[in-house]
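Here are the chains, one letter per residue:
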Amino acid sequence: MARAAALLAMALLTRPLAGTEPAVTMLLIADEGSFSVPVVRAVRGEGPGATIVAVLAGPRDRLFLRRSSPEPAVVLHEAWIGRPSGVSFTRRGRDPVLAEAGGRSLRFFEADLPRPTVRCWLAGLVSRSDPKLLEVAAAIRLLKESSGATALGDVFYPMTLLWDAGDPPSIRTKGVVTARKGPFTGEPWDRLVRDAVEELGRR
Amino acid sequence: MTRRLSRTALALLLLAGSGRAAAGGFFDDVPRKGYLRDDVSLDVLATGDRETVVARIRYIRLALDPGRRDIAWDAWPEREMLMVERGTGERLIFEKLSRLAPPADPSARQPRGRIALEGGMAVETFFRAAPGGAPGSGGGPSACAALDALVLAGGREIPVATSDLDAPTVRLGIGQLLESLLPPRDREVVDETVPILYRARSQGIPISPLVVLDHLYPGRTFAPVGTNLTFRTSAAAPLNPADGAWRTLTEAPEMLPGAPLF
């Protein structure tokens, strides 16, 4: 368990590499028979201006997470399933975070996230446009807790906002959750890497 | 980024669609007949100008007839109406309902407070005693099930926990709702009228209907009225909620003097 947690943290924590070529890491998270989740993370740039994309392949859908800095001191987090739209969160200094989904938006202060009202509003915003994101966020929390990981990378910020807003996840882990670090080849890995790198270049 | 932010200025998080249609209007379950318990009218004038009326105010407190006699008179539901007709012609009303019979389902929402402006725009608050489904009409996410209040305006609704009204996010969200729905002039009318009512309190006008401001403008301090005001007992016919001009603002009850014999 401890090794799995260490690997998960190593692969998912934000640690951009220098250079213009994207740095790609792969991780296979699996329990003892009920699920396995391939994760690909691609990073371009370093420091606060880095762009990071993580793609998680679930049984039916793929979750995309993208963290970028469109301008200095502004961080844009996007999360979607399948095709881009989903939900985005814009962090700008001490301003309230701007959440946008489906043509609607909400500004919130991070300190208010534990408030039931704010959780309700976030859930309402996301459930109108992509309710699956709430389910996936709850599942990722389960995955994190099952593997013993203490923190996820900054690219997972949207999931950390949403995993308390929805219902508990319908999936259950079976046995010990392990995280095996790549590289891996073949499908679905090649496609996930291609998609992650492609999303890195999107503006 | 600019495009994103300008789009944001136009779009708010507003949950569910029309609450009024699906879950009933503010007055749907409110008794229609009431007995006058308090009735005060005042004219507000600028100090030194005995001719120009700044505003006319009428406060009414009604004991609403619940239609049954096993409820003590003192425990009858109450409706308080604070009507204001400004010298500039605008009309608005603040209302408060209390002691309504508890609903069979304690998670059902009940009307509590209301501001209505001429032209038909009203902002209303609803509360419920116990959690259940989301308090809005459309059910909504389960994360909303524990919230006890609902702000409804223009067919849009925002579930709120009253314990969260001190949270900056909640204040910001409700403020954005009001800003997006109320025309600037309506907002000005509210801003200008509330301080007058606070001043009128010292002249015997009860302002308990203004409790709705705690939910619609949580934490807000209204700027004091800029001019010196004087008050006098109104000599004209009192403002009448059944008059034509007021009909777009409220649902007028049948108002009877005294108390029922039976």
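Residues numbered from 1 in each chain as written. Chains lettered and ligands numbered in written order. Predicted model: local features only at pLDDT ≥ 70, side-chain atom pairs only at ≥ 80, totals over all residues.

Q: Mind showing me how you'd approach the overall build of chain B here?
A: For chain B, the helix and strand inventory stands at 5 helices and 10 strands. The proportion of buried residues among the 262 residues of chain B is 36%. Pairs at least 24 residues apart make up 62% of the contacts formed inside chain B by residues separated by at least 6 positions. (Helix = DSSP H or I, 4+ residues; strand = E, 2+ residues; numbered from the N terminus. Buried ≥ 20, exposed ≤ 12 C-beta atoms within 10 Å, placed from the backbone. Contact = placed C-beta atoms within 7 Å.)

Q: How do you make sense of the overall build of chain A when you look at a structure like this?
A: Check the secondary structure of chain A and you find 5 helices and 9 strands. Out of the 203 residues in chain A, the part that is buried amounts to 47%. Within chain A, counting contacts between residues at least 6 apart in sequence, those at least 24 apart form 59% of the total.

Q: I'm lost on the sheet that holds strand β9 (residues 178–181) of chain A in this one. Help?
A: By way of backbone hydrogen bonds, the strands of a sheet pair with one another, either parallel or antiparallel. Residues and elements named next belong to chain A. One open sheet holds the 9 strands; their spatial order is β8-β7-β6-β5-β4-β3-β2-β1-β9, and the pairing between them is antiparallel. Each having just a single partner strand, β8 (104–108) and β9 make up the two edges of the open sheet. Each strand axis lies, on average, 15° off the axis of its neighbour in the sheet, ignoring direction. Where helix α3 (residues 132–147) meets the sheet, its contacts fall on β1 (23–30), β2 (36–44), β4 (62–71), β5 (74–81), β6 (87–92) and β9, and the angle it forms with β5 comes to roughly 100°. (Pairing = 2+ DSSP bridges. Axes fitted to C-alpha atoms, helices over the stretch in contact; angles between N-to-C directions.)

Q: I tried to follow the interface of chain A and chain B on my own but got confused; where do I start?
A: Taken residue by residue, the interface counts 27 residues in chain A and 24 residues in chain B. Sorting the residues of the side of chain A that touches chain B by element identifies β4, β7 (97–101), β8 and α2 (116–129) of chain A as the ones contributing at least two each. By residue number, the principal contributor to the side of chain A that touches chain B is α2(A), which donates 10 residues. Of the residues contributing to the side of chain A that touches chain B, the split by class is 13 nonpolar, 6 polar and 8 charged. (Nonpolar A, V, L, I, M, F, W, Y, C, P; charged D, E, K, R; others polar.)

Q: Help me understand the nonpolar core, please; the structure alone is not making it clear to me.
A: Among soluble globular proteins, nonpolar side chains are generally buried collectively. Counting 107 residues, the largest nonpolar core has Leu122(A), Leu162(A) and Val151(B) as the members making the most contacts within it. Excluding anything up to four places from it in sequence, Leu162(A) contacts Leu122(A), Val126(A), Leu133(A), Leu134(A) and Ala137(A). (Core = buried A, V, L, I, M, F, W, Y, C linked by C-beta atoms within 7 Å.)

Q: Just checking my understanding: could you explain α3(A) for this structure?
A: Note: α-helices contain 3.6 residues per turn, so residues at a spacing of three or four share the same orientation. In this model, α3(A) (16 residues) spans 22 Å end to end at C-alpha, consistent with the 22 Å of a helix rising 1.5 Å per residue. Taken across its 16 residues, α3(A) has 13 buried, putting it largely inside the fold. (Expected span 1.5 Å × (residues − 1).)

Q: It is not clear to me how unusual backbone geometry should be interpreted in this structure. Could you clarify?
A: A negative phi angle characterises most non-glycine residues, just as the trans form characterises most peptide bonds. Look at the link from Gly182(A) to Pro183(A): it is a cis peptide, with omega at 15°. Going from Glu187(A) to Pro188(A), the amide bond is cis rather than trans, its omega being 10°. Unlike most non-glycine residues, Ala73(A) shows phi in positive territory, near 70°. With respect to the helices, strands and loops of the structure, Ala73(A) is situated in the loop between β4 and β5. Phi is positive for Arg99(B), close to 60°, though the residue is something other than glycine. Residue placement: Arg99(B) occurs in the loop between β4 (91–98) and β5 (110–117).

Q: Can you walk me through helix α4 (residues 184–201) of chain B in this structure?
A: With 18 residues, α4(B) ought to run about 26 Å at 1.5 Å a step, and its terminal C-alpha atoms sit 26 Å apart, in line with that. Along α4(B), the residues that are buried comprise Val189(B), Val190(B), Thr193(B), Val194(B), Ile196(B), Leu197(B) and Ala200(B).

Q: Just to check I follow, could you spell out the environment of Leu182(B) for this structure?
A: Residue and element names in this part refer to chain B. Along the polypeptide, leucine 182 turns up in the loop between α3 (168–181) and α4. Classification of leucine 182 by C-beta neighbours within 10 Å gives partly exposed; the count is 19. The residues contacting leucine 182, other than those within four sequence positions of it, are Met121 and Arg187.

Q: How should the confidence of the model for chain A be read in this particular structure?
A: Low-confidence regions, as indicated by low pLDDT, have predicted coordinates that should not be scrutinised in detail. All names here are of chain A. Within chain A, residue pLDDT values average 85, and 88% of them lie at 70 or more. A low-confidence stretch, residues 1–7 stays under pLDDT 50, and its non-local contacts, those more than four residues away or across chains, total 14 contacts. Between residues 13–19, whose pLDDT stays under 50, and residues either more than four places distant or in other chains, the model counts 16 contacts. (pLDDT = per-residue confidence, 0-100.)

Q: Just checking my understanding: could you explain the pairing of strand β8 (residues 156–160) of chain B for this structure?
A: Regular strands show a simple pattern: their side chains alternate between the two faces of the sheet. Residue and element names in this part refer to chain B. Summarising burial for β8: 4 of the 5 residues are buried, a large majority. Where strand β7 (residues 149–153) lies against β8, 5 bridges are found, and the strand directions are antiparallel. By the bridge assignment for β8, alanine 149 is matched with valine 160. Hairpin remark: β7 followed by β8, antiparallel, with 2 residues in the connecting loop; positive phi at glycine 154, about 55°.

Q: I would appreciate a short explanation of the environment of Val37(A) in the present structure.
A: All names here are of chain A. Residue placement: valine 37 occurs in strand β2. Residue valine 37 is classed as partly exposed on the basis of its C-beta count, with 19 C-beta atoms lying within 10 Å. Taking the C-alpha atoms as reference, valine 37 lies 8.2 Å from leucine 27; in sequence the two are 10 residues apart.

Q: When you look at the confidence of the model for chain B in this model, what are you seeing that I'm missing?
A: Residues and elements named next belong to chain B. Taken as a whole, chain B shows an average pLDDT of 85; of its residues, 87% reach a score of 70 or greater. With pLDDT under 50 throughout, residues 1–23 is counted as low confidence; its partners more than four residues away or in other chains account for 48 contacts. The ipTM for the predicted assembly is 0.81, set against a pTM of 0.82.

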